[in-house]
Amino acid sequence: MSDLKTHYRTCNICEAMCGLEIKHQDGNILSIKGDKEDPFSQGHICPKAVALQDFYNDKDRLKTPLKRTTDGWQELSWEQAYDEIATRFRGLQAEHGQDTVGVYLGNPNAHNFGNAIMLPRFFKALGSNNRYSSASADQLPHHVASNYMLGAGMLIPIPDIDHTDFMLIIGANPIVSNGSLMTAPGVGKRLKAIQDRGGNVVVVDPRRTETAKKADQHLFIRPETDALFMLALVHTLFEEQRVDLGHLESIIDGLDQLAEAVKPYSPEAVADACGIDATTIRNLARDMAAAKSAVCYSRMGASTQSFGGLCQWLNNVLNLLTGNFDRRGGAMFPQPAFDLVRDKKGKPSSYGRYQSRVRKLPYFNSEFPVATLADEILTPGEGQIRGMITIAGNPVLSSPGGARLEQAFDSLDFMVSVDIYLNETTRHADIILPATTGLEVPHFDVFFNSFAVRNTAKFSEPLFEKTPEQKHDWEILRDLALHLTGREDDGVTPEMMLDGGLKHGAYGEQGMSLATLKANPHGVDLGPLQPCLQQRLQTEDGLIHIAPQLYLDDLTRLNASGLLEQARNPDYPYAMISRRLTRSHNTWTQNSHRLVKGKNPCTVQMNSADAARLSLEDGQLARVASPTGSIQLPVEINDDMFEGVVSIPQGWGHNRTDTGMTVAESQPGVSINDVTDAQRIDALTGNAAFNGTQVAIQASCFLP
Ligand SMILES: Nc1nc2c(c(=O)[nH]1)N[C@H]1C(S)=C(S)[C@@H](COP(=O)(O)OP(=O)(O)OC[C@H]3O[C@@H](n4cnc5c(=O)[nH]c(N)nc54)[C@H](O)[C@@H]3O)O[C@H]1N2
Ligand SMILES: Nc1nc2c(c(=O)[nH]1)N[C@H]1C(S)=C(S)[C@@H](COP(=O)(O)OP(=O)(O)OC[C@H]3O[C@@H](n4cnc5c(=O)[nH]c(N)nc54)[C@H](O)[C@@H]3O)O[C@H]1N2
Ligand code: SF4
Ligand SMILES: [Mo]
């Protein structure tokens, strides 16, 4: 028996970047705990980190390339797989054009530094513009707002949660999600600290969430009316002359146009639509303006909805107008050691450079919206997608109208998936390329350091060596690129590129390098966020654009939406929203026995008044239907729900046939995205509009 060893690394599951301390011996994990010496997370951890050992040990995890044949899945060598993929993709492209091969990237790409660094090479080799990702089912409106207001889509303002005196949280549940576009391990403690220093936390959400329960004030809001609500806050700031631009005053452009545009949206005009009375809205605007420091933080609830673009613009507007932009305790800008924003100045953004073929949706950040991926596969004509590669994504469960995407994948000439499981998406592939994951992979957060509430940097070595047959995601991407182009390997690795980026980054002159990080396995603290926007701003004129024309134009769409009049479809009278669960992450963690054991969490939560109206009892099976599909799941009566709104978990539905996730199949749940509609988008950004999907509910005729 060898010695007991301790390994330090960063958890790769969600955005919180928790440091872990893992005790192991002879290849067995003895414990996974929070690393108290991690300067950022200081010992915080959630139940999912302990499941990292389950993913490592999972017997269902794929280790060798698989090919679908009439006799089922057969193993093949990496070389055979690469050769076949290159031949098939190039064949399709020769016949139907470069763009005939589509790419879908899922969420774990953002948590895997090898992918983040190697993907551009793969894209270049493939040469297709038909790219899609989970970003357009998530945070795209944040990028579009930063692009138009600040000149760079990745320059995202982050709430300075550790120093603020007033935090307005709209459509986020960080106690469960552990924060998003706000990497902040231990959000609960950080929120409590706001209250302990005399500050206030206000949550605006159609559900009284775990976060709302800890807040000083919770306001129920009708789904998708957030833009109206925020317009009324902005209106009040102007009307009551509470605008104070602070140190950025001289570089903010467009204030007069903004003041004019918000005139119609008084609190009285929007109150009924939002379900929040006018005095409460006015008082909130006053409180935010009067606070020593304040920050408005809007996330998924305000982003994945029909006016997600307007919401994320208005979020920034509120922080600017109260003088809280780029200011301690307000919305600040991290300065990561490996910087994704540097030197973007003057480079035109790709927003609207192309339109998608079928629905004419805008291109942004070199991608089309995932809400139109099925259309591009299923609609014949020049430019149709006939081949597809998914990389670390499960869009059959995660995309709006997932069931239609499933049909679309079935119709492809050739499909490849780079993944760790045989799941609802990868089962449609002709070849699956299995990657290493989690504890076998070196780790550096290329993205989440750009969104973190403190500047830190950390590199983690793999805990376990991969076997000689296994390949890292980045090696698969590199090898595919080499097979597609016929080029020789130049030997460049993600670690080399990371080292270069660190040495040339903001802390390079102070000795930052990969060697520095390797010498500090708990991570390096680079200090609290500092005002730095004037140096980091990327607009060509050096100004902050507070009222870009595309947002002012989109107000016409908001006015015509029927939201102000509270228009409802009588056939589908309930508004459906999604929820996240503490013990699952999107679609892929449900093969851990310790995470899914216990009661079925995949329930439809509804208010008792709604349940009474529908004659539904707690635990009874209900059918939730939209014009695009229906699912059946148990009712959970819960007065934490706003009347007329029902909540269903996202990421479930492991009840499809021919998948290979045996634990997940034992507690499958149903997929909310069998009910969502890919036609429902934020037309401005192309982002999926999951929230507020109109549904009908009735008792199910089947027994549970
Ligand atoms: N209705 C509704 N839908 C939603 C949401 C919602 O709130 N409501 N949320 C949206 C959001 S925010 C997101 S981010 C998307 C997520 O959408 P996706 O990214 O499509 O879904 P994931 O479950 O993250 O898929 C991860 C895939 O990667 C695989 N995987 C895990 N680790 C690795 C690895 O190390 N390497 C490789 N190669 N593969 C790996 C998993 O097996 C799985 O197939 O879902 C969106 N969908
Ligand atoms: N445990 C766990 N953690 C996760 C994930 C997970 O699956 N599980 N996923 C990760 C990912 S990929 C992401 S992007 C982040 C997301 O992190 P968050 O943005 O915090 O995500 P949610 O928990 O979905 O919170 C969205 C909130 O918006 C509310 N909401 C819905 N519709 C509306 C609306 O119209 N208006 C308003 N104001 N609110 C609305 C919902 O009730 C919900 O409370 O979480 C990450 N962390
Ligand atoms: S909060 Fe996120 S990063 Fe932290 S341990 Fe849990 S899953 Fe991992
Ligand atoms: Mo996400």
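In this report, the structure presented in the accompanying data block is examined. (Residues numbered from 1 in each chain as written. Chains lettered and ligands numbered in written order. Predicted model: local features only at pLDDT ≥ 70, side-chain atom pairs only at ≥ 80, totals over all residues. Heavy atoms only, no water.)

1. Some words on the pairing of strand β21 (residues 574-579)
Most of β21 is tucked away: five of the six residues are buried. Pairing geometry for β21 and strand β26 (residues 693-699), over three bridges, is antiparallel. Within the sheet, the bridge partner assigned to A575 lies in β26 and is Q694. (Buried < 20%, exposed > 50% of the residue type's maximum accessible area, 1.4 Å probe, protein only. Helix = DSSP H or I, 4+ residues; strand = E, 2+ residues; numbered from the N terminus. Pairing = 2+ DSSP bridges.)

2. What about the sheet that holds strand β3 (residues 28-34)?
With antiparallel pairing, the three strands of this open sheet are ordered in space as β1-β2-β3. Every interior strand has two partners, whereas the edge strands, β1 (5-10) and β3, have only one. For this sheet, the mean angle separating the axes of adjacent strands, direction not counted, is 25°. Where β1 meets strand β2 (residues 19-25), six bridges bridge the pair, whose relative direction is antiparallel. Looking across to β2, one finds that Y8 is bridged to E21. (Axes fitted to C-alpha atoms, helices over the stretch in contact; angles between N-to-C directions.)

3. So, the pattern of salt bridges
Oppositely charged side chains may form a pair once their charged atoms are brought near each other. Scanning the entire structure with this criterion turns up 40 salt bridges. Measuring nitrogen to oxygen at the nearest pair gives 2.5 Å for the salt bridge that ties R299 to D138. Here the residue R299 occupies a position in the loop between β13 (295-298) and α13 (300-303), and D138 occupies one in the loop between β7 (131-133) and α5 (140-150), the gap between them amounting to 161 residues. Accessibility assignment for this pair places R299 and D138 in one class, buried. The salt bridge involving K518 is made with E495; its shortest N-O contact spans 3.0 Å. (Salt bridge = Lys/Arg side-chain N within 4 Å of Asp/Glu carboxyl O.)

4. Quick notes on the sheet that holds strand β11 (residues 217-219)
Ordered by their spatial adjacency, four strands build an open sheet running β11-β10-β9-β13, and the pairing between neighbours is parallel. At either margin of the open sheet sits one strand with a lone partner, and together these are β11 and β13. When strand polarity is set aside, the average angle formed by the axes of neighbouring strands in this sheet is 15°. Here strand β10 (residues 200-204) runs beside β11; their pairing, made up of three bridges, is parallel. Within β11, the position partnered with V203 by the bridge is H218. Here helix α9 (residues 226-239) sits on the sheet in contact with β9 (166-170), β10 and β13, set at roughly 150° to β9. (Contact = heavy atoms within 4.5 Å.)

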